[in-house]
Amino acid sequence: MSEKYIFRGSWIGADMTVEDRRAPVFKKKFTIEKEIKKAEIFICGLGLFEVKINGKLPDDTVLNPAHTQYNRTVLYRSFDVSKLLIWGENEITVELGHSFFNETTNVWNWDKASWRSSPKLIADLNICYKNGENESVFSDGNWEYTLDGQITKNSIYYGEVHDLRKTDFKWGKAILVDAPEGELKLQDMPPIRRIGEFKPEKIEKLSDDTYLITAPEMITGWARLNLCLPENAEIKVTYGEKLKKDGILDKIGKGEGRDGNWWPDEYIQQDTFIGNGELCELEPKFSYKGFKYIQIENCPVEITNENIIIYRVANDMEVISEFECSNESVNKLHEIMQRTLFNNFQGKPTDTRVWEKNGWLGDFSCGLTSIMFNFQMSEYLKNFVDGMNDCFEACGNVPVMVPTADWGLGNSPVWNTVYVFCCEALLDYCNEKEYVKSLYPNLKKFALIDIEALKNQGWVWGQRGLADWVAPIGAENMEANPNSSEGCEICGTAFIYKMLLSITKIAEILGETEDITIYKNACEDIFKAFNEKFYNTEKQIYETTLWDQKGLRTKYRQTSNLLPLAFGMVPVENKKAVLENLVNDIIKKDYHFDTGCTGVKFVLPVLYDNGYSDVAYKVLTQKTYPSWCFWLQNGADSAWESWETTTRSQDHYFLGSYDEVFFTHFAGIKDVKDGYESFTISPQFDCGLEYVNVSVKTPFGKLVSNWKINDDNIISVKIAIPEGANAKIILSAKERIEENLSGGEYEWTISK
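What comes next is a walk through the structure. Because the structure is a prediction, the values reported are computed rather than measured.

## Comments concerning the overall build of the chain
Then, number 1: When you go through the chain residue by residue, the secondary structure sums to 14 helices and 31 strands.
Then, number 2: With the C-alpha coordinates aligned to their principal axes, the bounding extent of the chain is approximately 80 × 65 × 55 Å.
Then, number 3: Classification of the 752 residues of the chain by burial places 62% in the buried group.
Then, number 4: Accessible surface for the chain amounts to roughly 28400 Å². Of this, 44% is attributable to carbon and sulfur atoms.
Then, number 5: In the chain, 82 side chains carry a positive charge and 112 a negative one; their mean positions are 1 Å apart.

Structure, rendered in structure tokens:
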């Protein structure tokens, strides 16, 4: 993190109410009569800003700045604008959108947010001349603004209205306004860009003036249209994931579509453009959409491949790994998980980019390990954890989603324990010791809250909170019911137990030895109470005290048994029976899991780790409902929100947690510590595949784990350890090889 910048400028705004949905435009003219050495602008515009110098953008980023807990933190950005300034008169212009800073929708309390205000900005342009002199142009009451800009409405959910006829602007003096409550901090993570560019897969003319565009894959972003609309022509561009049975777009809003009652008055994901008779590039500026289809209505000019470009818009995350194996369906599953993650990285990791656009923590907990293997996450993850920490300080606990407008504040451990898990991941994969150390006092407070809550309930969690969300309802075409039938007792208790194991590890790494006994003692109490309350000695299974029949679900819950197995909560003498009963249920259900997002993450690891590789592979490659390959059978190119064909969203990553196993088990990359300074490679040769090729870009260089089973049942293994790193190699088949090695490239052959 760079040293904090202290602004000279003042916060300025326009004379407008929070209900006014126009995008105000600000400007400042200034003169340069010396040679410039360097010029840099520091700027924060809330909710979103677009800054130009002499009509030119400083870079190719969009949707600045990222959404934060505005009453605790607001982010600013800096740009080098040296090449944009000219001799003589210059002009800065800044246009502001509303986004979550001033959102009108009442879903999730955004309309009641404590920070809600009309758009405002602060900016400093610092110029260093070659003669050694310095000059600053900063925001103050001498700037001018107009509400006559071309964007007459904008919302992060609803979309935008652009009136291209508007060219005559009435300017007034900017108003000095109160600063937002949150502290200004530099946005220090990969910015949002147009990271992918596509042409339509299909353009269909539904009527004389209506077109349906099919994108080549599921996308988050928008389309750019290059059209000459007649003056006063008003086209509507609406985005969505699905079509109705009659082949037109399934719009959301006005009471129509899934959860359309959330927005009773307007459609969401809809942009309107009003023509001026000239050729123009038409694209949104202060909103993004999730879609496979785009419907363009009232369009008097022909839409062709030549006048439309589709963009994927997301944080420009660095992909650090490659995965390939002998099964094309498994390769496809990896591809769709990575695509789904990109489609949900817009400043924060979101859940559904169409309906919610929220940073749900349970979703991130499910995907955390997969995410760490796919992307360079250091700065992005720290930004998200900062949001959790802000909420903890503001609300007294970590809510179920971050940021929040005081929505979902109740303690929900299956969701909010990711606060600790993220810090553990930052230590292991990124070696962020100083950062995690700075948060440790709050992490400890967080853990103590859960310890006290459990202590007061006999060391087991009650029914409050979210649990095994979107478990299969029982038939592929039934309407999904996301709520768990068995409640939160086992899930909540298990996740607090796992969180305490993680914070014990964190305390050991950071040298906070005095706290370790507190955490370990609590784990012992939880372990005992958990088994006394939930273990059925007659059935030799774990089950909760609650049952709420939903759909065709069976009362044996795989997740209730997966979690204690995965977290080490099963006494040694009971483990064999619990495991066998779990496997028998999977086989009885024809090699299908029966879990929601919370349990499905642990299905493959538990099976592979306990000698049931054949069962695990059948589950992974199962093509009938409920399964991951069932998605593929139904044409999915992104992960779904639920297992059923009735799923609300077809672009939701939390059920795609299988991806971590491709790295941890198929490639065998485990026990990563200190940012890959040390790790274990122990490939699962009996995983069901014929070959696996994996590479991961670590801070030390490229890690490689490749293996292949040859026709003669000899396994060829190639491993590369980055210089400066140390690895424990375990190759276990008919024979076993175990070596401790440092940087270099190594090869083995081993009998299967």
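## Notes on empty space enclosed by the protein
Summary: where empty space remains is shown by rolling a probe the size of a single water molecule over the atoms.
Then, number 1: Within the structure shown, the criterion is met by two cavities of 30 Å³ or more.
Then, number 2: Put simply, the largest cavity is a space of about 100 Å³.
Then, number 3: Residue lining of the largest cavity: 13 residues in total, with Leu48, Ser99, Ile156, Tyr288 and Gln346 positioned closest to the centre.
Then, number 4: A per-class count over the lining of the largest cavity returns nine nonpolar, three polar and one charged.
Then, number 5: Each pocket or cavity is described by its volume, and for the second largest cavity that value is around 60 Å³.
Then, number 6: Glu486, Ile541, Tyr542, Glu543, Thr544, Leu546, Trp547, Lys555, Tyr556, Arg557 and Ser560 together form the lining of the second largest cavity.
Then, number 7: Of the residues that constitute the lining of the second largest cavity, the class distribution is five nonpolar, two polar and four charged.

## Re the layout of surface pockets
Then, number 1: Volume-wise, the largest pocket comes out at about 1200 Å³.
Then, number 2: Together, 37 residues line the largest pocket, and Thr369, Glu424, Lys498, Phe602 and Glu660 are the ones closest to its centre.
Then, number 3: At the level of secondary structure, the elements contributing two or more residues to the lining of the largest pocket comprise α2 (361-374), α4 (413-416), α5 (418-430), α7 (489-510), α9 (558-567), α11 (597-609), α14 (659-666) and β26 (669-673).
Then, number 4: For the lining of the largest pocket, the residue count by class is 18 nonpolar, eight polar and eleven charged.
Then, number 5: For the lining of the second largest pocket, the secondary structure elements donating two or more residues are β2 (25-32), β4 (48-53), β6 (88-97), β17 (210-228) and β20 (279-282).
Then, number 6: Among the residues making up the lining of the second largest pocket, the classes are represented as 19 nonpolar, eight polar and 13 charged.

## Focus on α9
Then, number 1: Counting buried residues along α9, nine of its ten residues qualify, which places the element largely inside the surrounding structure.
Then, number 2: Residues of α9 that are buried: Gln558, Thr559, Ser560, Asn561, Leu562, Leu563, Pro564, Leu565 and Phe567.
Then, number 3: Where α9 is buried, its residues contact α7, α8 (513-534), β25 (541-542), α10 (572-588) and α11.
Then, number 4: Gly568, located one to two residues past α9, shows a positive phi value of around 75 degrees.

## Focus: the nonpolar core
Then, number 1: Ranked by internal contacts, the top residues of the largest apolar core, which has 222 residues, are Leu500, Trp628 and Phe666.
Then, number 2: In terms of residues, this core owes the most to one element, α7, which gives twelve residues.
Then, number 3: Membership of the second largest hydrophobic core comes to 30 residues, among which are Ile36, Phe49, Val51 and Tyr129.

## What to know about the packing of aromatic side chains
Then, number 1: Counted by the stated rule, this structure contains 52 aromatic pairs.
Then, number 2: Their ring planes at 85 degrees and their centres at 5.4 Å tell us that Tyr419 and Phe446 sit as a pair that is edge-to-face. In this pair, Tyr419 sits in helix α5 while Phe446 sits in helix α6 (residues 433-455), placing the two residues 27 residues apart along the sequence. The burial state of Tyr419 is the same as that of Phe446; both residues are buried.
Then, number 3: Relative to Phe630, the ring of Tyr625 lies with its centre 5.8 Å away and its plane at 70 degrees, an arrangement referred to as edge-to-face.

## A closer look at the pairing of β26
In summary, the side chains of a regular strand alternate between the two faces of the sheet.
Then, number 1: In the sheet, β26 pairs with strand β27 (residues 678-681) via three bridges, with the strands oriented antiparallel. Within β27, the residue paired with Lys673 across the bridge is Ser678.
Then, number 2: With antiparallel pairing between neighbouring strands as the criterion, β26 and β27 make up a hairpin whose turn holds four residues, including Asp674 at a positive phi of roughly 55 degrees.

## A closer look at the pattern of salt bridges
Then, number 1: All chains considered together, the criterion is met by 53 salt bridges.
Then, number 2: Across the salt bridge formed by Asp316 and Arg193, the nearest N and O atoms sit 3.1 Å from each other. Taken together, the residues span a long stretch of sequence, with Asp316 in the loop between β22 (308-315) and β23 (321-325) and Arg193 in strand β15 (residues 192-198) at a distance of 123 residues.
Then, number 3: Given the relative accessible area of 23%, Arg193 is considered partly exposed.
Then, number 4: One salt bridge connects Arg258 with Glu479, and the closest N-O pair in it is separated by 3.2 Å. One end of the pair, Arg258, is in the loop between β18 (234-240) and β19 (270-274); the other, Glu479, is in the loop between α6 and α7, with 221 residues separating them in the sequence.
Then, number 5: Exposure remark for Arg258: the relative accessible area of 28% places this residue in the partly exposed category.
Then, number 6: Each of Glu217, Arg312, Lys332, Glu335 and Arg339 takes part in salt bridges that share partners, so that together they form one network.

## Thoughts on the side chain of Ser117
Then, number 1: By the secondary structure assignment, Ser117 is in the loop between β6 and β7 (120-129).
Then, number 2: Residue classification places Ser117 among the buried positions, given a relative accessible area of 16%.
Then, number 3: Ser117 has contacts with Val18, Phe101 and Asn102, leaving out every residue within four places of it along the chain.

## A short note on α7
Then, number 1: An ideal rise of 1.5 Å per residue puts 32 Å on 22 residues; α7 measures up with 32 Å between its terminal C-alpha atoms.
Then, number 2: For α7, the tally of buried residues reaches 17 of 22 residues, placing the bulk of the element in the interior.
Then, number 3: Just past α7, the residue Gly511 takes up positive phi, approximately 80 degrees.

## Here's the deal with the sheet that holds β2
Then, number 1: On the basis of which strands lie adjacent, the open sheet formed by five strands has the order β4-β6-β2-β9-β12 and antiparallel pairing. Two strands bound the open sheet, and with one partner strand each, they are β4 and β12 (172-173).

## Observations concerning the state of the cysteines
Then, number 1: Applying the stated rule across the entire model yields zero disulfides.
Then, number 2: Cysteine Cys430 is unpaired, with the sulfur of Cys422 as its nearest cysteine sulfur at 11 Å.
Then, number 3: Residue Cys430 is classed as buried on the basis of its relative accessible area, which comes to 17%.

## Some points on the pairing of β7
Then, number 1: When you tally the buried positions in β7, you get eight out of ten residues, the bulk of the element.
Then, number 2: Two elements, strand β1 (residues 12-13) and β7, share two bridges in a ladder whose sense is antiparallel. When the bridges of β7 are listed, Ile12 appears paired with Leu121.
Then, number 3: Across five bridges, β7 lies against strand β8 (residues 134-138) in antiparallel orientation.

## Section: the environment of Asn64
Then, number 1: Structurally, Asn64 is set in the loop between β4 and β5 (73-80).
Then, number 2: Along the chain, Asn64 and Pro191 lie 127 residues apart, while their C-alpha atoms are 7.8 Å from each other.
Then, number 3: In contact with Asn64, not counting residues within four places along its chain, are Gly45, Gly47, Leu48, Phe49, Arg77, Phe79 and Gln187.

## Some remarks on the packing of α2 against helix α3 (residues 378-395)
Then, number 1: Two numbers describe how α2 lies on α3: the axes approach to 13 Å, and their chain directions differ by 155 degrees. Taken together, α2 and α3 sit at an angle that is classed as roughly antiparallel. Every pair of crossing elements has a handedness; the one defined by α2 and α3 is left-handed. On the side of α2, the interface is formed by Leu361, Phe364 and Met372, while α3 contributes Leu381, Phe384 and Met388.
Then, number 2: Grouping the amino acids of the contact of α2 with α3 by side-chain chemistry returns six nonpolar, no polar and no charged.

Cut-off values and rules
- The residue count restarts for each chain, going from 1 along the sequence in the order it is written.
- Given that this is a predicted model, residues contribute local features only at a pLDDT of at least 70 and side-chain atom pairs are listed and counted only at 80 or more, while totals for whole chains, interfaces and linings are drawn from all residues.
- Here the side-chain values reflect all heavy atoms present in the structure, with hydrogen atoms and water set aside.
- In this text, helices come from DSSP runs of H or I with a minimum length of four residues, and strands from runs of E with a minimum of two, each type numbered from the N-terminal end.
- Accessibility here uses a 1.4 Å probe with only protein chains present; expressed as a share of the type maximum, an area under 20% marks a residue as buried, one over 50% as exposed, and anything in between as partly exposed.
- Methods summary: accessible areas were calculated by the Shrake-Rupley approach with a probe of 1.4 Å, and residue burial reflects only the protein chains presented.
- A residue counts as positive if it is Lys or Arg and as negative if it is Asp or Glu; His and the chain ends are not included.
- Charge placement uses NZ in Lys and CZ in Arg. For Asp and Glu, CG and CD serve respectively.
- In this analysis, the protein atoms alone were mapped onto a 1 Å grid. Cavities are point sets where a 1.4 Å probe fits without being able to get out; pockets are open sets with protein on both sides within 12 Å along at least five of seven lines; lining residues have an atom within 4 Å of a point.
- Grid points are joined across faces, edges and corners, and a volume is the space filled by probe spheres set on the points.
- Under the convention adopted here, Pro, Cys and the residues Ala, Val, Leu, Ile, Met, Phe, Trp and Tyr are nonpolar, Asp, Glu, Lys and Arg are charged, and Gly plus all remaining residues are polar.
- Only heavy atoms matter for contacts: two residues are in contact if any of them lie within 4.5 Å across the pair.
- Put simply, a nonpolar core is a bunch of buried Ala, Val, Leu, Ile, Met, Phe, Trp, Tyr and Cys residues held in one set by side-chain atoms that sit within 4.5 Å of each other.
- Geometry of aromatic contacts follows a simple scheme: Phe, Tyr and Trp rings, the Trp one being its six-membered ring, pair when their centres are within 6.5 Å, and the pair is stacked under 30 degrees between planes, edge-to-face over 60, tilted otherwise.
- Being paired, for any two strands, means DSSP has found at least two bridges between them.
- When a carboxyl oxygen of Asp or Glu lies within 4 Å of a side-chain nitrogen of Lys or Arg, that pair is called a salt bridge.
- One less than the number of residues in a helix, times 1.5 Å, gives the span that helix is expected to have.
- Criterion for a disulfide: a pair of cysteine sulfur atoms within 2.5 Å.
- Axis definition: a line fitted to C-alpha atoms, limited for helices to the stretch in contact. Angles are taken between N-to-C directions and run from 0 to 180 degrees.
- Any angle that is under 35 degrees is reported as roughly parallel, and any over 145 degrees as roughly antiparallel; angles of 65 to 115 degrees are reported as roughly perpendicular and all others as oblique.
- Each crossing gets its hand from how the near helix is turned against the far one by less than a right angle, where anticlockwise is left-handed and clockwise is right-handed.

Remember, this is a structural readout, not a statement about activity or role.
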